[in-house]
Amino acid sequence: MTALYRASVGITVWREGHVLVVNNRRWGGYSTPGGKVDHGESLEDAARRELCEETGCRAIGLRMIAGIAHEPVPRDDDRTPWFCTIFVADIGDQEPSEVEPGTKPAWVTPHQLMATSMYPELYRWLFNLLSKLDGTPT
């Protein structure tokens, strides 16, 4: 039986009006840290792992805020859509570093991310949701 969706996680980290992003080495542009959920792995464990793998930071606090289904990106060979569970993470005063070659982290404004991402509508929706939940800047 073919899966209806592939499971993934996305992690949003805020600091002084900026969001933490990594250069997406597969598709180009920026995205928030995240990736697929491994078989048998919980969503929270996947979020913690992906954040650490892509930024070197450990989540001090982690809050699940939403889930969203989305189509695969154009260069994705597997055409099965994704279901992405989105978390907000607190990393305290840790400074992100390039852990995986080609995924250099950076702090950008929400507008910069939407202008350089493959997922501008996803991030527009996310930032709008976050502003309603806890006053995070849009």
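If you're wondering where the values come from, they're calculated on a predicted model, not measured in any experiment.

Quick look at the pattern of salt bridges
And step 1. A full pass over the atoms with the stated rule returns seven salt bridges.
And step 2. Note that Glu 53 and Arg 49 form a salt bridge whose closest N and O atoms lie 3.2 Å from each other. Of the two residues, Glu 53 and Arg 49 both sit in helix H1 (residues 43–55), four residues apart, roughly one turn of that helix.
And step 3. Glu 121 is paired through a salt bridge with Arg 124; the nearest N and O atoms lie 2.7 Å apart. One end of the pair is Glu 121 and the other is Arg 124, both in helix H3 (residues 120–134) and three residues apart, which spans about a single turn.
And step 4. What makes Glu 121 exposed here is its relative accessible area of 57%.
And step 5. Each member of the salt-bridge network shares a partner with another, and the members are Asp 38, Glu 41, Arg 49, Glu 50 and Glu 53.

A closer look at the sheet that holds strand E7 (residues 82–90)
The pairing of strands in a sheet comes from backbone hydrogen bonds and takes either a parallel or an antiparallel form.
And step 1. Strand order in the open sheet made by the four strands is E5-E1-E7-E6, with mixed pairing throughout. In this open sheet, the two edge strands, each paired with only one partner strand, are strand E5 (34–36) and strand E6 (61–70). Adjacent strand axes in the sheet meet at a mean angle of 20 degrees, parallel and antiparallel pairs treated alike.
And step 2. Across seven bridges, strand E1 (residues 6–12) lies against E7 in parallel orientation. Each bridged residue has a counterpart across the sheet, and for Ile 11 the counterpart in E7 is Phe 87.
And step 3. In the packing of H1 onto the sheet, contacts are made with E1, E5, E6 and E7, and the angle to E1 comes to roughly 60 degrees.
And step 4. Each of E1, E6 and E7 touches H3; the most contacted strand, E6, lies at about 140 degrees to it.

So, how was this worked out
- Residues numbered from 1 in each chain as written.
- Predicted model: local features only at pLDDT ≥ 70, side-chain atom pairs only at ≥ 80, totals over all residues.
- Heavy atoms only, no water.
- Salt bridge = Lys/Arg side-chain N within 4 Å of Asp/Glu carboxyl O.
- Helix = DSSP H or I, 4+ residues; strand = E, 2+ residues; numbered from the N terminus.
- Buried < 20%, exposed > 50% of the residue type's maximum accessible area, 1.4 Å probe, protein only.
- Pairing = 2+ DSSP bridges.
- Axes fitted to C-alpha atoms, helices over the stretch in contact; angles between N-to-C directions.
- Contact = heavy atoms within 4.5 Å.

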